[in-house]
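Observations on the model geometry
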Amino acid sequence: MIKIPYQTLPKVTENLQSNKIPRIIWQTFKTNILPENIALQCKTWIMKNPEYEYKFFTDNDIINFIKTEFPTYLQYYNLLVEGAAKCDLWRLLVLKKYGGVYADIDTICHKPLENIINANSDYVTSIGSGHKGFQHWCIMCVPNHMIINKTLEIVINNIKKYN
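Residues numbered from 1 in each chain as written. Predicted model: local features only at pLDDT ≥ 70, side-chain atom pairs only at ≥ 80, totals over all residues. Heavy atoms only, no water.

1. Comments concerning the overall build of the protein chain
Within the protein chain, the secondary structure is distributed over five helices and eight strands. Counted from the first residue to the last, the protein chain has its helices and strands arranged as β-β-β-β-α-β-α-α-α-β-β-β-α. Relative to the compact-globule value of 15 Å for 163 residues, the protein chain shows a C-alpha radius of gyration of 16 Å, a close match. Each principal axis of the C-alpha distribution contributes one length, and for the protein chain these read about 50 × 40 × 35 Å. Looking at the 163 residues of the protein chain, the share that counts as buried comes to 44%. Residue pairs in contact within the protein chain that sit at least 24 positions apart in sequence constitute 79% of those at least 6 positions apart. As presented, the protein chain carries roughly 9,200 Å² of accessible surface, and 54% of it is formed by carbon and sulfur atoms. Counting 18 positive and 14 negative side-chain charges, the protein chain places the centres of these two groups 4 Å from one another. (Helix = DSSP H or I, 4+ residues; strand = E, 2+ residues; numbered from the N terminus. Rg over C-alpha atoms; globule rule 2.2 N^0.38 Å. Buried < 20%, exposed > 50% of the residue type's maximum accessible area, 1.4 Å probe, protein only. Contact = heavy atoms within 4.5 Å. Areas by Shrake-Rupley, 256 points an atom, 1.4 Å probe, with all protein chains shown as cover. Lys, Arg positive; Asp, Glu negative; His and termini not counted. Charge placed at Lys NZ, Arg CZ, Asp CG, Glu CD.)

Below, the structure is given as structure tokens:
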């Protein structure tokens, strides 16, 4: 088991192009003590992207974030049973508030984000193989992006409908 830091600050801050998408990487897991293989995957995001701040949230951090930043959404979060569904809701809220780069905990960063994100981009994702639509294991966006806002609206309506 390896402990992941809750936050690392950017190591490179000079001579960077100006990006619309904030240089923050977001990841989450129930605790910040991870199995070695998962911790090593997390570290690829930090190591490949020294220009980025890295923020890690535990389940407790997520609850505190929602209580503080989106208190009206806490009731919907509490209706969710599955950890993945709770993570999905938090991902939308944190990207709505701050923007940046969300990556699932079990993903590996193969290329620096500076090589992927265009300076003028305000939303970056891809279509995954075998999927009919956008994938959501990695989303890069500006705060308050219309796709995040619309997705959040749909998610909340679905939570209301099925609970």
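The structure having been displayed, the exposition proceeds.
2. Observations concerning helix α4 (residues 83–98)
For α4, spanning 16 residues, the distance from its first C-alpha to its last is 22 Å, which sits close to the expected 22 Å at 1.5 Å a residue. Of the residues making up α4, those classed as buried are Cys 87, Leu 89, Trp 90, Arg 91, Leu 92, Leu 93, Val 94 and Leu 95. Gly 99 sits one or two residues past α4 and shows a positive phi near 70°. (Expected span 1.5 Å × (residues − 1).)

3. Here we look at the side chain of Thr 107
Within the secondary structure, Thr 107 sits in the loop between β6 (100–103) and β7 (123–124). Among the polar contacts made by the side chain of Thr 107, one reaches the main-chain carbonyl oxygen of Asp 104 at a distance of 2.7 Å. (Polar contact = N/O pair within 3.5 Å; in protein donor to acceptor, adjacent residues only side chain to side chain.)

4. Quick notes on the packing of helix α2 (residues 59–69) against α4
Remark: α2 packs on α4, axes separated minimally by 11 Å, with the N-to-C direction vectors making an angle of 50°. One element, α2, and the other, α4, form an angle in the oblique class. Where α2 crosses over α4, the two elements pack in a sense that is left-handed. Facing α2, whose interface residues are Ile 62, Phe 65, Ile 66 and Glu 69, α4 presents Trp 90, Leu 93, Val 94, Lys 97 and Tyr 98. Of the residues belonging to the contact of α2 with α4, the class tally is seven nonpolar, no polar and two charged. (Axes fitted to C-alpha atoms, helices over the stretch in contact; angles between N-to-C directions. Parallel < 35°, antiparallel > 145°, perpendicular 65-115°, else oblique. Left-handed = near helix turned anticlockwise from the far one by under 90°. Nonpolar A, V, L, I, M, F, W, Y, C, P; charged D, E, K, R; others polar.)

5. Brief notes about the packing of α4 against helix α5 (residues 146–162)
Contact geometry for α4 and α5: axes closest at 10 Å, N-to-C directions at 145°. Here the hand of the crossing between α4 and α5 comes out left-handed. In contact with Leu 89, Leu 92, Leu 93, Leu 95 and Lys 96 of α4, α5 contributes Ile 148, Asn 149, Thr 151, Leu 152, Val 155, Ile 156 and Ile 159. Among the residues forming the contact of α4 with α5, the class breakdown is nine nonpolar, two polar and one charged.

Fair warning: the whole summary comes from geometry, so function is off the table for now.
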